Amino acid sequence: MSDRNNKIPFDEDNYTHNINRNNERMLDRRGFMKTLAGAAGVFAVSTLPWGAVAAKELMGLGNKEYPNEKIADVKDVKVGDSVKFTFPTEHDSAILIRLSENKYVAYQNACTHLRCPVYWVKDEKEMICPCHHGKFDASTGAPTAGPPRRPLPGIEVEVKDGAIYAVRVKRYEA
């Protein structure tokens with residue numbers, strides 16, 4: 001009985017005896033390239049939705065809405081003063097500047113050159129990046145000196161009920 005269990009019940013020593021090789025398809029170079037091109041096409045079509053989402057985000061068509069966040073009370077920010085805050089997330093440093101009695105501007109607080117922090121210099125009425133001496137116009141966020149070529153991303157602010165709120169991040173326009 002043990003002799004019977006240790007022996008292979010077939011004449012062959014492998015388990016491929018039941019494959020009918022007569023109907024097996026031969027894959028030549030042309031067939032391989034057709035299969036490869038078909039697989040690449042399927043992959044490309046399957047990634048189109050993600051590409052569309054990325055393109056929409058990069059083109060600025062997807063304006064994300066964030067909850068309004070209180071920055072400060074109007075009475076606490078004097079003309080020419082600045083306030084640091086975070087928006088839209090706690091990891092995104094930003095700065096609010098009161099340019100005149102009724103004009104407030106806010107920007108993300110990272111230089112567009114190498115993401116160093118940008119500081120408001122009240123006496124010079126400029127925003128300065130100390131890393132490479134980049135300067136930005138406080139009214140527009142546009143670079144005025146140094147290596148930065150793009151403006152600082154702006155943050156829309158609203159004044160209501162005696163407080164200043166961050167509303168949304170403005171998209172960069174080329």
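Everything below is about the structure printed above this text.
Residues numbered from 1 in each chain as written. Predicted model: local features only at pLDDT ≥ 70, side-chain atom pairs only at ≥ 80, totals over all residues. Heavy atoms only, no water.

Points about the packing of aromatic side chains
One pass over the full model with this rule turns up 0 aromatic pairs. Positioned over the ring face of Y165 is K160, at 5.2 Å from the centre of the ring. (Phe/Tyr/Trp six-rings, centres within 6.5 Å; stacked < 30°, edge-to-face > 60°. Lys NZ or Arg CZ within 6 Å of the ring centre and 35° of its normal.)

Looking at the nonpolar core
One finds I71, F85, F87, L96, I155, I164 and A166 to be the most contacted residues of the largest nonpolar core, which totals 15 residues. When contributions to this core are tallied by element, the ones reaching two or more residues are β1 (69–73), β2 (82–86), β3 (93–98), β4 (104–108) and β10 (163–169). Top element by residues in this core is β10. It accounts for 3 residues. Not counting chain neighbours up to four residues away, the residues in contact with I71 comprise V83, F85, L96, V157, I164, Y165 and A166. By size, the runner-up hydrophobic cluster in this structure holds 13 residues, among which are V105, C116, V118 and F136. (Core = buried A, V, L, I, M, F, W, Y, C linked by side-chain atoms within 4.5 Å. Buried < 20%, exposed > 50% of the residue type's maximum accessible area, 1.4 Å probe, protein only. Helix = DSSP H or I, 4+ residues; strand = E, 2+ residues; numbered from the N terminus. Contact = heavy atoms within 4.5 Å.)

A short note on the sheet that holds β2
Taking strand neighbours across the sheet as the criterion, the 3 strands line up as β2-β3-β4 in an open arrangement whose pairing is antiparallel. For this open sheet the edge positions go to β2 and β4, each flanked by a neighbour on one side alone. Taking the axes of each pair of neighbouring strands and ignoring which way they run, one obtains an average angle of 25° across the sheet. Summarising the sheet, β3 and β4 pair through 5 bridges and their orientation is antiparallel. For R98, the partnering residue across the bridge sits in β4 and is Y104. (Pairing = 2+ DSSP bridges. Axes fitted to C-alpha atoms, helices over the stretch in contact; angles between N-to-C directions.)

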